[in-house]
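Here's the letter readout for the chains.
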Amino acid sequence: MVRFPQTPSAAHTRTRPASVVGRHDPRYPDLVGRGINARFAPDPDTIRVVATAEQAVRAVQDSVRDGTRLAVRSGGHCFESLVDDPAVTTVIDVSEMRSVYYDEELDAFSVDSGATLGTMYRSLYLGWGVTVPAGRCPEVGVGGHVAGGGGGALSRRYGLSVDHLHGVEVVVVDSGGRARLVRATREPSDPHRDLWWAHTGGGAGGFGLVTRYLFRSPGADAGSRPADPGRLLPAPPASVLRKTVRWDWQSIDEAAFLTLVGNFGTWHERHAAPDDPGTRLDNSLALPRTGGGPLTLETAVDAMRPDAQELTDRFIAEVSRNVGARPEVSATTLPWLAATLVPDEFAGVKGRFKSKAAFLRTGWDERQARLVYRRLTDTSDYHNPAATVYLLSHGGEVNRPGPADTAMAHRDAVLKTYWSVFWFDEAEDALHLDWVRASYEEFFGDAGGVPDPDRGYGGAFVNYADADLAEPDLNRSGVPWHRLYFRENYALLQRAKERWDPDDVFRHALSVRLPGDDAPGISRSGTPGRRGSSGRPAS
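These notes cover the structure that comes with them.

Rules of the game
- Throughout, a residue's number is its position along its own chain's written sequence, starting from 1.
- Since the coordinates come from a predicted model, pLDDT governs what is reported: local features require at least 70, and pairs of side-chain atoms require 80 or more to be given and counted, while whole-chain, interface and lining totals use all residues.
- With hydrogens and water excluded, all non-hydrogen atoms of the structure serve as input to the side-chain values.
- Here, a salt bridge means any Lys or Arg side-chain nitrogen found within 4 Å of an Asp or Glu carboxyl oxygen.
- Under the DSSP-based scheme used, a helix requires at least four consecutive residues in state H or I and a strand at least two consecutive residues in state E, with every element numbered from the N terminus.
- Each residue gets one of three labels from its accessible area relative to the maximum for its type: buried under 20%, exposed over 50%, partly exposed in between, using a 1.4 Å probe on protein chains only.
- Each nonpolar core is a collection of buried residues, namely Ala, Val, Leu, Ile, Met, Phe, Trp, Tyr and Cys, held together in the definition by side-chain atoms within 4.5 Å.
- The criterion used for residue contact is that any of the two residues' heavy atoms lie within 4.5 Å.
- Orientation is described by lines fitted to C-alpha atoms, with helices fitted over the stretch in contact, and by angles between N-to-C directions that extend from 0 to 180 degrees.
- Orientation labels follow simple angle bins: below 35 degrees gives roughly parallel, above 145 gives roughly antiparallel, 65 to 115 gives roughly perpendicular, and whatever is left gives oblique.
- Crossing handedness: left-handed means the near helix sits turned counterclockwise from the far one by under a right angle, and right-handed means the same turn made clockwise.
- Three categories are distinguished: nonpolar for Ala, Val, Leu, Ile, Met, Phe, Trp, Tyr, Cys and Pro, charged for Asp, Glu, Lys and Arg, and polar for the others, with Gly belonging to the last.

Per the stated rule, a full pass over the model turns up 48 salt bridges. Between aspartate 103 and arginine 212 there is a salt bridge whose closest N-O contact spans 3.0 Å. Within this pair, whereas aspartate 103 is found in strand 5 (residues 100-103), its partner arginine 212 is found in strand 9 (residues 209-215), the two being separated by 109 residues in sequence. Judged by its relative accessible area of 2%, aspartate 103 falls in the buried class. With a shortest N-O distance of 3.5 Å, aspartate 446 and arginine 367 are connected by a salt bridge. A residue pair is termed long-range when its members are at least 10 positions apart, and aspartate 446 in the loop between helix 11 (429-443) and helix 12 (481-486) and arginine 367 in helix 10 (residues 366-377) qualify at 79 residues. We classify aspartate 446 as partly exposed; its relative accessible area is 43%.

Here it is as structure tokens:
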């Protein structure tokens, strides 16, 4: 008989007391400024820093009792103001909950929601030689990343982080206003399985406060004695071969640009099946505006594979075919952990930015490629070199599960495409926002300006949060925002929401709504603890 105990495992380290930080506390500026996007100006009355699940339960209970607007912060890397909303009055910061360890009772790896991806990678690898296939940026917090579906450099080979998620522990609030900790697993007989499922792509901050994730790959030898934790998750490659190809903009005309992006898309269409050897490669194509650096193709593979050189060279040759410009090519080989813990290029740089992304079932067509080329090279009205369009590899093992096996419904894409624009001056907000929004809308002009799954596209990724899609003034397509993010899984997510957060305590612009609540946009407001209220916090 499978047991589902609802008490957390015993603490394995000493923990410090919770901190309640008000506006006049000297710690307040550091904590309130943890969000990475300077476009947003948070103004909470209180920030509660918690270090244990019990402290998290108490913080949520106090917020519900006091009727405050609640938001939860993990790594602080949310693209939008889902946490950094001036209307939020209480932020619960879980960044001091960062333990990573093997839980003998549950025979799974426990990762606290405040840990960063880098902490998780380092601890799992140095301790047991295993990893979770998750994001490329080591500074990102586990808390929000995993609940949104979490994927990265190893995902074409091993799937998404949620494909290895055995369980989750969450602070939820019932209809009586009582906060409690619930453990939910993927076991079919678990009565709380729908809460686990909601955290496999339903997005963070919409169902409760995650205290920890439990990782164990399906089919792993759980329960074997003696236990072998090293067989519960994938083993990453010992070292990574990375090749980088750069074309100077001066050598690329429109025909060369169309050929380059067309080759990249075609290659991924041909090599998207889970068992294809090409899925061993993790690839990206960065297309900055002229003046922002070279067009850059990157590919990475397990350096210990005997065909590593052949796979990468063939990929580069196919993507470069008939481009007509000679690129600069470089190669490096690094141990896996060193390659994985390289900081993001914007780490430590806080500015204003806006990003918009989509899943694609095919590469760009010629119309789209011409539009992007014009946007990147036209300097008559727009001059920001810190604007880039990306194409990122997808597919492979990501597409092996069915779209309803997890809440992450995007199991048919071969690529992700991504617009990013960065600036510092608040006075330039409208200029840069107009550029990126217009670029995105015209790219998807044949589908109402959004990546409509019913018109050939794959939808949007909730981890690349884009609140525009929930704003009627900005999404005029007639396609509901939740259709783009959750597709056919939305109704089941609403049922989980109704069961686990019936008073909509945990809510934000892109959180799952209660059944019957069709409130549009980021202006949802209200007081927690009352059915049908609305607002906008998250992690």
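For soluble globular proteins, nonpolar side chains are generally found buried alongside one another. Within the largest apolar cluster, 126 residues are counted, with the highest numbers of intra-cluster contacts made by Met120, Tyr213, Phe215, Trp247, Ile252, Phe257 and Trp364. For this core, the element with the most residues is helix 7 (residues 254-270), which contributes 7 residues. Among residues more than four places away in sequence, those in contact with tyrosine 213 are Phe109, Ser110, Val111, Val142, Gly143, Val146, Ala147, Leu165, Gly167 and Val168. Val57, Val72, Leu181 and Leu209 belong to the second largest nonpolar core, which has 19 residues in total.

Once that is clear, we can look at the packing of helix 7 against helix 10. It is at 10 Å that the axes of helix 7 and helix 10 come closest, and there the two elements cross at 125 degrees. By the angle class used here, helix 7 and helix 10 are oblique. Considering only the axes of helix 7 and helix 10, their crossing is right-handed. Within the contact between the two elements, helix 7 uses Glu254, Phe257, Leu258 and Val261 and helix 10 uses Glu366, Ala369, Arg370, Val372, Tyr373 and Leu376. Grouping the constituent residues of the contact of helix 7 with helix 10 by class yields 7 nonpolar, no polar and 3 charged.

Keep in mind these numbers describe shape, not what the thing actually does.
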